[in-house]
Amino acid sequence: MLDDDTAVAERLRQLDIVQLEATRDQGEYELLAALPGCWLLVPLAISAPLPWGCLGIQRHTSGPEPEAEPWKISDIELVQTVADQLAIAVQQAQTLAQAQRELRDRQRAEARLKEAQRIAHTGNWDLHLPTQRLTWSEEMFRIYGLSPHQPPLTLKQQLAALETGDRLHWEQQLAIAERTGQSLNLEGAIVRPDGSHRFVQLLGQAQRNTLGVVTSLVGTLTDITDRKLIEERLAYEALHDPLTGSPNRAFFMEQLHGAVQAAKASRDVVFAVLFIDLDRFKVINDSLGHLVGDQLLIECAHRLTSVVREGDLVARLGGDEFAILLNPIAVMEDALSVADRIHQVLQTSLVLEGREIFISASVGIASNLTGAVEAVDFLRDADTAMYRAKENGRGQSALFDPAMYEQVATRLTLENDLQRAIDRCELTLHYQPIIDLSTHQLVGFEALVRWHHPRWGLIPPTTFVPLAEETGLILAIGEWIQLAACQQLQQWRQRLPEAQDLIMSVNLSVKQFAHPHLLATIDEALASTGLSCHHLRLEITESALIENPQTAEVMLHALQERGIQLGIDDFGTGYSSLSMVHQFPMQSLKIDRSFIQAMEADPRGVAMVQAILALAQSLGMAAIAEGVETESQLEQLRQLGCPYAQGYCFAKPLPAPEAEQFLVSWPHQN
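Description of the structure in this document. Remember, predicted model here, so these are calculated numbers, not experimental data. Here, residues in each chain are numbered from 1, in the same order as that chain's written sequence. For a predicted model such as this one, the threshold for reporting local features is a pLDDT of at least 70, and the threshold for listing and counting side-chain atom pairs is 80 or more; totals across whole chains, interfaces and linings nevertheless cover every residue. Each side-chain value is derived from all of the structure's non-hydrogen atoms; neither hydrogens nor water enter the calculation.

1. What to know about the overall build of the protein
Going by this rule: Counting from the N terminus, the helices are DSSP H or I runs at least four residues long and the strands are E runs at least two residues long. The globule rule used here is 2.2 Å times the number of residues to the 0.38 power, and the radius of gyration it is set against is calculated over C-alpha atoms. Exposure categories follow from relative accessible area, calculated using a 1.4 Å probe and restricted to protein chains: below 20% of the type maximum is buried, above 50% is exposed, and the middle band is partly exposed. Residues scored as positive are Lys and Arg, those scored as negative are Asp and Glu, and His as well as the terminal groups of each chain are ignored. One atom stands in for each charge, and that atom is NZ of Lys, CZ of Arg, CG of Asp or CD of Glu.
Looking only at helices and strands, the protein features 24 helices and 25 strands. On C-alpha atoms alone, the protein measures out to a radius of gyration of 51 Å, which is more than a quarter above the 26 Å that the 2.2 N^0.38 rule sets for 670 residues. C-alpha extents for the protein along the principal axes are approximately 170 × 70 × 50 Å. Across the 670 residues of the protein, 43% fall into the buried class. Put simply, the protein has 52 plus and 86 minus side-chain charges, and the middle of one group is 4 Å from the middle of the other.

Structure, rendered in C-alpha cells:
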C-alpha cells in the first residue's frame, strides 16, 4: 500500500494514521472491496524518512446498511501502542539479523585470514608496551611450534627462542622502536621446543596515542625457511660446479682475493696457487664419450681433494682445468710436495664403463713469493707455469718464473704475426733431397716450411708449427704448402729432364688429416698445377692415424684411389707404434732421426733400426731413414739394407734455387 500512488499512501508515508470506511471509500480501495468494514491504518515508523510498513485493524459492521461508528480515541491509542511495539520488534529483528550477518562475515573473513596466514606462513602480533603483553594470531603459535590453546610467549621468551647470534640485534632494534617508533624489519633463526630451526622475518610499526607517545608495536612474523633454503641453494649453485660439486671459478677467485688481501696486510702470510690441466682429456672425452669424460672429471676432483689439507681449496675452473689454493704454506717446497702428490694419485688407473683409463696432469705453481699483486695475477702466473710444464712433457710440474712473461709475450707476438705471414709472403719452402741408397739416385724431395720473420729472422719450425697447430692456422698454412710444393715440382718437371720421375713429399698435421676438406684442397692443388697424383707423397704421423682409426682408414683409401703415395712419418715415436700399422694402405715408412742417431752410440739402436726395416719389408713398405748426418750412419744403413735416406750427409733443406741446382748437378743422377 505504501508503494501506491494514492492519497492514503501519501498520508502513511507522512506517518499519519488513516481511517477507511466501507460506506464511503469502498469503490476507491481494493482493500475495502476485499474486506468491507472500517479500517484503521497506523504506519510502522522504524527508520526515517519512510515507514517500514503499516498496521491495519479492521472492524466489521452489521446490518444491510450499517452505519460507521467512529474509532474511539482509546482504540486509536491502543492500536498506536501496538504499532509502536511491533515497530520495535521489527527493528530488533533487523538489528539481530544484521548482527548475525556481520558475525558470519567476520567469521568468514577471520577464517580466510587464518588460511591466508597459514598459506603464507605469516602471523600477526601486538605488543602493548606499558604491560609488555604480547597478543598472537594462531599462525604465530604454529611458527613457534606451540599449541594455540596455550598463552603466547612473553617478549622475553620470544627473544630467548632466537639463536644467540640474532638475539642481541633483535633486542637492540626493539628497544629503539619502543623509544623512537622506528619501524622494524628483522630476520633471524628461532629454535622450536622440538629442537628444529626455522628462519623468520619480523615486520613492525609503532602505534601512538593522541599525545604522540608510542603505546604499542604491531606487525607480522613470517616463516621464511623455504625462501632461505632456496636462497642458500642458489648461492651454493652459483659458487659450485654442478658436475663435481667442487667450488667453481667464482668461489675460487673470491677466496684467492681474500688470501691476497691478507698477504698485503701481513708479510708473514704465504700462500700458493696450483693450476692443473689434465693431459689428453680431449682425446679420452672424444673417443670414449662425454659420460666417461664426466665420470673421469668427478674422480679427478675427488683425488685432488684427497691430497690437500682440510683448510685448502680445490676448485674446478671449467673443462678439464682445476685450481688449488694452499693457504697458508711455510715454504715453496710445501706447494711442490702437493704437486708431487697430485701426480702420484693420478697415476693409478681408473676403470670407467669397463675400460681402464690412465690420466696425468700438468701442474703450474705460483705464490705471493713470486711477486704478483692481484688475485687474477696469481691465477695467470700459475696458468703460465702450467703451459711450461705441458711443454716439458705429460705429468710434469713447473714453478712460475717472472722470466716466463717474456716468452708468453713473444709467443703472443708470434701468433699475431703468423696470422699475416702468408699474406706477407714470409713463408717459404725448403726442399731436402731423398736418395736411393742402392743406386745413389735422387728420387725426390721433402718440402719443409720455413718462416722468415721480418724482425727475428728465421723462426725454427719447432717454434711456429706447434703454434700454428694450436691456433688452427696450420690448415691455411698446410693448403699453401700443398699448392706451393706441387707447383715447384711441376715447374721443374716442365723445364728439367732430370725431374721427370721425382716425388714430392708433403707432411700432413693431425688437424689437416682430420679436416673434412682435405681431399678437396689436395685435388685443387693438383688440378691447378697440373701435377700428376703419382708424383705426390703425403706423410702422416702415427698419432693422426690412431686418434680416429675408422675415419683415417676411409681417408687413406680415398687418397690411395687417387694414386697419391702415402707414408708414415717419424715412425716409432707415436704411442701406437706397431699395433695398427698393418691396417692402413701405406707405401713408405720414415725412420725417425732419433733411431738413426742412436746407432753409433748404442748397439740397441742398430737393433731397433734393423727391426723397423724388417717390419717395413714384411709389410711391403719402402723405408726412408731421416736425419742421416755422417758417413758412418750412411754405411750402417747400407749394410742393414735401408733403401732410402735423407739428411745433412747429402744436403740440408735447400731453398728452391739451390734445390734446383742440386737436382741438376747431382753426380749420380741418371
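2. Observations regarding the packing of helix α21 (residues 593-601) against helix α23 (residues 631-640)
Helix-helix packing is characterised by the crossing angle of the two axes and by the distance between the axes. Defined as follows: To define axes, lines are fitted to C-alpha atoms, for helices over the stretch in contact only, and angles between the resulting N-to-C directions are given on a 0 to 180 degree scale. Any angle that is under 35 degrees is reported as roughly parallel, and any over 145 degrees as roughly antiparallel; angles of 65 to 115 degrees are reported as roughly perpendicular and all others as oblique. Any pair of residues with heavy atoms lying within 4.5 Å of one another is described as a contacting pair. Lys, Arg, Asp and Glu make up the charged group, whereas Ala, Val, Leu, Ile, Met, Phe, Trp, Tyr, Cys and Pro make up the nonpolar group; the residues left over, Gly among them, are polar.
Across the interface, α21 lies against α23 with an axial gap of 10 Å and an inter-helix angle of 100 degrees. Between α21 and α23, the angle is such that the two are roughly perpendicular. Facing α21, whose interface residues are I596, Q597, M599 and E600, α23 presents S632, Q633, Q636, L637 and L640. Residues that form the contact of α21 with α23 fall into these classes: four nonpolar, four polar and one charged.

3. With respect to helix α24 (residues 656-665)
Note the threshold: The arc refers to the directions leading from the helix axis to the C-beta atoms.
Along α24, the positions that sit buried rather than exposed are A656, A659, F662 and L663. Buried residues along α24 cover an arc of 120 degrees about the axis, so they all sit on one side. In this structure, the buried residues of α24 make contact with β16 (427-436), β17 (442-453), α16 (474-495) and β25 (654-655).

4. Details of the packing of α21 against helix α22 (residues 603-618)
Applied cut-off: Handedness of a crossing is defined here by the sense of rotation of the near helix relative to the far one, left-handed for an anticlockwise turn of less than a right angle and right-handed for a clockwise turn.
Running from amino to carboxyl end, α21 crosses α22 at an angle of 135 degrees, the nearest separation of the two axes being 6 Å. As the angle between them shows, α21 and α22 are arranged oblique. The crossing of α21 and α22 is left-handed. For the pair α21 and α22, contact is made by F595, I596, A598, M599 and A601 and by P603, G605, V606, M608, V609 and I612, respectively. Here the residues of the contact of α21 with α22 are counted per class, giving 10 nonpolar, one polar and no charged.

5. Focus on the environment of L654
If you trace the backbone, L654 turns up in strand β25. A C-alpha to C-alpha distance of 142 Å links L654 and L35, two positions 619 residues apart in sequence. What L654 contacts, discounting residues up to four positions off in sequence, is L429, H430, Y431, A659 and F662.

6. So, the sheet that holds strand β5 (residues 133-136)
What counts, and what does not: A pair of strands is considered paired only if DSSP assigns at least 2 bridges between the two.
Read from one edge of the open sheet, five strands run β5-β4-β8-β7-β6, paired in antiparallel fashion. Every other strand in the sheet has two partners, leaving β5 and β6 (184-191) as the edge strands with one partner each. Put simply, the sheet's adjacent strands are angled 25 degrees from each other on average, direction ignored. Here seven bridges tie strand β4 (residues 122-128) to strand β8 (residues 214-223), and the two strands are oriented antiparallel to one another. Of the residues in β8, the one forming a bridge with N124 is T220. Where helix α7 (residues 164-180) meets the sheet, it contacts β4, β6, β7 (197-208) and β8, and its direction lies at approximately 145 degrees from that of β6.

7. Quick notes on the pattern of salt bridges
Threshold: The working definition used for a salt bridge is a side-chain nitrogen of Lys or Arg within 4 Å of a carboxyl oxygen of Asp or Glu.
A full pass over the atoms with the stated rule returns 21 salt bridges. For the salt bridge of R388 with E391, the shortest nitrogen-to-oxygen distance reads 3.7 Å. Linking R388 with E391, this pair stays in helix α13 (residues 375-391), spanning three residues, or about one helical turn. Judged by its relative accessible area of 56%, E391 is exposed. The partner of D523 in a salt bridge is R562, and the shortest N-O contact between them spans 2.9 Å.

8. Side note on the side chain of Q646
Let me state the cut-off plainly: Identification of polar contacts relies on pairs of N or O atoms within 3.5 Å, with a donor-acceptor requirement for protein atoms, meaning one able to donate a hydrogen and the other able to accept it, and with residues adjacent in sequence counted only if both atoms are side-chain atoms.
Here Q646 shows up in the loop between β24 (644-645) and β25. Relative accessible area serves as the criterion here: at 1%, Q646 is assigned to the buried category. A polar contact of 2.9 Å, which involves the side chain of Q646, links it to the side chain of Q432. Within polar-contact distance, the side chain of Q646 engages the side chain of K590 at 3.0 Å.

9. Section: the sheet that holds strand β14 (residues 361-367)
Strand order in the open sheet made by the five strands is β10-β11-β9-β14-β15, with mixed pairing throughout. The open sheet has two edge strands with one neighbour each: β10 (313-318) and β15 (397-399). The average angle at which neighbouring strand axes cross in this sheet is 20 degrees, direction not considered. One ladder, built from six bridges, connects strand β9 (residues 272-278) with strand β11 (residues 321-326); its direction is antiparallel. Residue pairing for β11: A272 is matched across the bridge by L326. Here helix α12 (residues 332-347) sits on the sheet and contacts β9, β11, β14 and β15; the angle it forms with β14, its principal contact strand, is near 165 degrees.

10. A look at the pairing of β11
Taken across its six residues, β11 has five buried, putting it largely inside the fold. Of the pairings in the sheet, the one linking β10 to β11 comprises five bridges and is antiparallel in character. Bridging across to β11, L313 finds its partner in L325. Taken together, β10 and the strand that follows it, β11, pair antiparallel across an intervening segment of two residues, in which G319 is found at a positive phi of about 60 degrees.

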